[in-house]
Amino acid sequence: VQLQASGGGVVQAGGSLRLVCQTTGNIFPFSIMGWYRQGPGKARDVVATLTTSGSANYADSVKGRFSISRDNAKDITYLEMNSLKPEDTGAYYCDARSIFNDRINYWGQGTLVTVSS
């Protein structure tokens, strides 16, 4: 099982980025997919999650700006980030959590997002 995150970069405040998480290992159909963020000196916090049936949840800080989606044919999860703010800066990780046992989950390696003011 592997999760490969990409799409991070440096962007000015107000800009946009799209993060991509490619999942391999035949777990995608059975996983709640999520994006987490770890800012400098901070704990890793959930940004958005998406169930297999398409129900999305977002952290209050990103509601209305970020959108999570999944391509079930390609085993890919996206995080569309708009109106980026400096406080969105951090390493973004994708997570696949089993729908059968939520203690089973897999992490990607992270992709760095830097938002300059």
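Residues numbered from 1 in each chain as written. Predicted model: local features only at pLDDT ≥ 70, side-chain atom pairs only at ≥ 80, totals over all residues. Heavy atoms only, no water.

Peer 1: Hey, could you go over the overall build of the protein chain for me, with residue numbers and the actual values?
Peer 2: When helices and strands are counted, the protein chain shows 0 helices and 11 strands. Along the protein chain, from the amino end to the carboxyl end, the secondary structure elements read β-β-β-β-β-β-β-β-β-β-β. For the protein chain, the C-alpha radius of gyration of 13 Å lies close to 13 Å, the compact-globule estimate for 117 residues. In terms of overall dimensions, the protein chain has C-alpha extents of about 40 × 25 × 25 Å along its principal axes. In the protein chain, buried positions account for 43% of the 117 residues. Looking at the protein chain alone, contacts between residues at least 24 apart form 55% of all its contacts between residues at least 6 apart. Accessible surface, the protein chain: about 6100 Å² in total, of which carbon and sulfur atoms supply 48%. Separation of charge centres in the protein chain, based on 11 positive and 9 negative side chains, amounts to 1 Å. (Helix = DSSP H or I, 4+ residues; strand = E, 2+ residues; numbered from the N terminus. Rg over C-alpha atoms; globule rule 2.2 N^0.38 Å. Buried < 20%, exposed > 50% of the residue type's maximum accessible area, 1.4 Å probe, protein only. Contact = heavy atoms within 4.5 Å. Areas by Shrake-Rupley, 256 points an atom, 1.4 Å probe, with all protein chains shown as cover. Lys, Arg positive; Asp, Glu negative; His and termini not counted. Charge placed at Lys NZ, Arg CZ, Asp CG, Glu CD.)

Peer 1: Which residues make up the packing of aromatic side chains, and what are the values?
Peer 2: Geometrically, a pair of aromatic rings is defined through the distance of the ring centres and the angle of the planes. All chains considered together, the criterion is met by 2 aromatic pairs. With centroids separated by 5.9 Å and ring planes inclined at 35°, the aromatic side chains of Phe-30 and Phe-100 adopt a geometry described as tilted. Within this pair, whereas Phe-30 is found in the loop between β3 (17-24) and β4 (31-38), its partner Phe-100 is found in the loop between β9 (90-98) and β10 (105-107), the two being separated by 70 residues in sequence. Residue classification places Phe-30 among the partly exposed positions, given a relative accessible area of 38%. Seen from their ring centres, Tyr-36 and Trp-107 are 4.9 Å apart, and the 75° between their planes marks the pair as edge-to-face. With Tyr-36 in strand β4 and Trp-107 in strand β10, the pair connects residues that are 71 residues apart, well separated along the chain. Using a relative accessible area of 14% as the deciding quantity, one classes Tyr-36 as buried. Of the residues examined, Trp-107 reaches a relative accessible area of 35% and is grouped as partly exposed. Just above the ring of Tyr-93 sits the side chain of Arg-44; from NZ or CZ to the centre is 3.6 Å. (Phe/Tyr/Trp six-rings, centres within 6.5 Å; stacked < 30°, edge-to-face > 60°. Lys NZ or Arg CZ within 6 Å of the ring centre and 35° of its normal.)

Peer 1: An account of the nonpolar core is requested, with residue identities and associated values reported.
Peer 2: Note on soluble globular proteins: their nonpolar side chains tend to be buried together. In terms of nonpolar packing, the biggest core is built from 25 residues, with Trp-35, Val-47, Phe-66, Leu-79, Met-81 and Tyr-92 touching the most fellow members. Every residue in contact with Phe-66, bar those within four places of it in the chain, is listed here: Arg-37, Val-47, Tyr-58, Leu-79, Glu-80, Met-81, Asn-82, Leu-84, Asp-88 and Tyr-92. (Core = buried A, V, L, I, M, F, W, Y, C linked by side-chain atoms within 4.5 Å.)

Peer 1: Describe the state of the cysteines, listing the residues and the values that go with them.
Peer 2: Under the defined criterion, the tally for this structure stands at 1 disulfide. Disulfide partner of Cys-21: Cys-94, at an S-S distance of 2.2 Å. When the S-S torsion is 65°, as for the bridge of Cys-21 with Cys-94, the disulfide is right-handed. Placement of Cys-21 in strand β3 and of Cys-94 in strand β9 is noted, with a sequence separation of 73 residues between them. Cys-94 matches Cys-21 in its accessibility class, with the two residues each being buried. (Disulfide = S-S within 2.5 Å.)

Peer 1: Give me the lowdown on the layout of surface pockets, citing residues and values where you can.
Peer 2: Put simply, the largest pocket is a space of about 200 Å³. Around the largest pocket, the lining is made up of 13 residues, and of these Arg-37, Gly-39, Lys-42, Asp-45 and Glu-87 lie nearest the centre. (1 Å grid on protein atoms, 1.4 Å probe; cavity = no way out; pocket = protein on both sides within 12 Å on 5 of 7 lines; lining within 4 Å. Points joined across faces, edges and corners; volume = space filled by probe spheres on them.)

Peer 1: Any chance you could break down the sheet that holds strand β8 (residues 76-81) for me, citing the residues and the numbers?
Peer 2: Strand order in the open sheet formed by 4 strands is β1-β3-β8-β7, with antiparallel pairing between adjacent strands. Two strands bound the open sheet, and with one partner strand each, they are β1 (2-6) and β7 (66-71). Each strand axis lies, on average, 15° off the axis of its neighbour in the sheet, ignoring direction. (Pairing = 2+ DSSP bridges. Axes fitted to C-alpha atoms, helices over the stretch in contact; angles between N-to-C directions.)

Peer 1: Break down unusual backbone geometry for me, citing the residues and quoting the values.
Peer 2: A positive phi angle, close to 60°, is found at Asn-26, a residue other than glycine. Positive phi outside glycine occurs at Ser-83, with the angle close to 50°. For Ser-83, a relative accessible area of 40% gives the class partly exposed.

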